[in-house]
Amino acid sequence: MHPNRPPPFHQRFHSENLGQSALRPICIICFCFLAFAVLIFTLTTTSHSETPFPYSSFTHITSFLASSSPSSSKSIVQPATDAIMQEASLPDYSNTTLDPSPDISLPSDQECDLNSPINCANPEVYHILIKATIEAFPDVHFHRFGKPVVGDDNGRSCDMAWRYRPKTAKRPGIFKDYRRFDVSRSATCVYLVSKIGEYHTGLNARKKKTNMTMNEANKQDSFQSEYQLESRFKSGKYLVYLGGGDRCKGMNHYLWSLFCSLGEARFLNRTLVMDLSLCLSSMYSSWKQNEEGKDFRFYFDFEQLRASASVIDQHQFWTNWELWRKKNKLNVRLVEDYRITPSKLSRVKDALILRKFGNVEPDNYWYRVCQRESKSLIRRPWHLLKKSPRLKDIALAIASKLDWDFDVVLVLRPYKDDLLETLREKIQDGRNVYIATDESDTAVFGPLKDRYIIHFLDDFKELWGEKTEWFVETKHLNNGITVEFDGYMRKEVNTEVFLMGKRQIKWE
């Protein structure tokens, strides 16, 4: 018989072939019977359940999404439904027809007290606040919502914070906002949001800041023993720049020199000792004269710099140096010639390298250290420098008040009269246009108002008024003395707003 040919029909039921022939139909019959039994059992079980789990979960979530909550507020941001659902840990039912009747278990007449304070910790309140925020701000992607907390003392409001990114943002980054929500109840005790406050009005929901002076910040490690602090200090290696002609120069000059010193410190693997006291150039002063006593933290984020680079405040350093220098025999290497390159100092073992600059310009500029053969060795770490978060918040508030839908024109003096003709070709009539300028007489931009809705920085003075975070925090940093919103602060805010505009036009 051919090896691949099946046996004749009369031989298929012989004893030697019976197992192979009967096994297949028996298995098929058993599998069908098992599947039928499982189906019967499932139908019997679910028929006795009034709200099977999958449906009840869907109803609860879609009821929250479908509930109504009018809100009256202009916004700073705009969400994408898919991103919100993901970040809020909710399924995306954006393409599903939702039941307009919320399936929320309402309290009975005895439990429903319309005059009782709003419980901001109630999950239903949390859900209705999220929904109201998403509806009110259709121009941002939300990334995370914080838990609501009690707003004012009358028990009728809640504060909630969130992280977001404007949909039209051209710069990467996630921003924060916190607002106050006026919450009420309907006659059937359904929660409603009647109003959403302006940018940063939900103060109780913001992350608590520790408004410490530098001296207080230096004591935050006080739980450590003096021996531990001393041991850490004496094992460190430090670099100090003293004197020089950079003081009271323009901010660009100051930063060019500062980051030369920071670059050298990184090259030598040393901690840079920074003087946080600045002299503001007269070009940024309303008094038209140099102003001593300004704080680096008014303009830049020192905490972020300290977290990403090895730097120490000069006041703290000299206090510790005088305390432990003699005891630990810490030595100083004095360098008075900028032509002594960083490579020549790389093998210095002394605890402190002190570069001292003279009085003759321009050889006493700090940045001279990074010239000549040192230019290829020293890399200025510009990526570590960030603007003050207080000034960034002002720029964000301006963008919020303009609903993130505005164009920006950067105009530097002297102003040119043909600006209107140029803007006609680039910006549509009726648009919000923010003029970022150092021109004090804004009346020269009058002709633009016939075609556009014009805004200037001074239109938002309330953002650095006496009741603002900026005012309180800068005054605290300045030992209780009020800080002027000076020319360089204005420049930083204008720059930030410029980068947030949909269209960015430079007119120089």
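Thresholds applied
Residues numbered from 1 in each chain as written. Predicted model: local features only at pLDDT ≥ 70, side-chain atom pairs only at ≥ 80, totals over all residues. Heavy atoms only, no water. Pairing = 2+ DSSP bridges. Helix = DSSP H or I, 4+ residues; strand = E, 2+ residues; numbered from the N terminus. Axes fitted to C-alpha atoms, helices over the stretch in contact; angles between N-to-C directions. Contact = heavy atoms within 4.5 Å. Expected span 1.5 Å × (residues − 1). Buried < 20%, exposed > 50% of the residue type's maximum accessible area, 1.4 Å probe, protein only. Parallel < 35°, antiparallel > 145°, perpendicular 65-115°, else oblique. Left-handed = near helix turned anticlockwise from the far one by under 90°. Nonpolar A, V, L, I, M, F, W, Y, C, P; charged D, E, K, R; others polar.

A. Looking closely at the sheet that holds strand 11 (residues 332–335). Taking strand neighbours across the sheet as the criterion, the five strands line up as 10-7-6-12-11 in an open arrangement whose pairing is parallel. Only two strands of the sheet have a single partner each, and these edge strands are strand 10 (311–313) and strand 11. Across the sheet, the mean angle separating the axes of adjacent strands is 25° when strand polarity is ignored. Summarising the sheet, strand 7 (residues 271–274) and strand 10 pair through three bridges and their orientation is parallel. Note on strand 10: the bridge partner recorded for leucine 272 is valine 311. Lying on the sheet, helix 7 (residues 251–268) is in contact with strand 6 (238–243), strand 7, strand 10 and strand 12 (352–357); it crosses strand 6 at an angle near 155°.

B. Examining helix 4 (residues 123–136) more closely. For helix 4, spanning 14 residues, the distance from its first C-alpha to its last is 20 Å, which sits close to the expected 20 Å at 1.5 Å a residue. Among the residues of helix 4, Val125, Tyr126, Ile128, Leu129, Ile130, Lys131, Ala132, Thr133 and Ala136 are the ones counted as buried.

C. Broad picture of unusual backbone geometry. Here the amide bond leading from glutamate 361 into proline 362 is cis, since omega sits at 0°, within 30 degrees of zero. Mapped onto the secondary structure, proline 362 falls in the loop between strand 12 and helix 12 (389–401). Positive phi is not limited to glycine here, since histidine 200 has a value of about 60°. Looking at the secondary structure, you find histidine 200 in the loop between strand 5 (191–196) and helix 5 (214–217).

D. Representation of the packing of helix 12 against helix 14 (residues 469–477) in the model. Where helix 12 meets helix 14, the closest approach of the two axes is 10 Å, and the angle between their N-to-C directions is 165°. Looking at the two axes, helix 12 sits roughly antiparallel to helix 14. In the packing of helix 12 onto helix 14, the handedness of the crossing is left-handed. When helix 12 is examined against helix 14, the residues Arg390, Leu391 and Ile394 are found in contact with a partner set consisting of Trp470, Glu473, Thr474 and Leu477. Partitioned by chemical class, the residues of the contact of helix 12 with helix 14 number four nonpolar, one polar and two charged.

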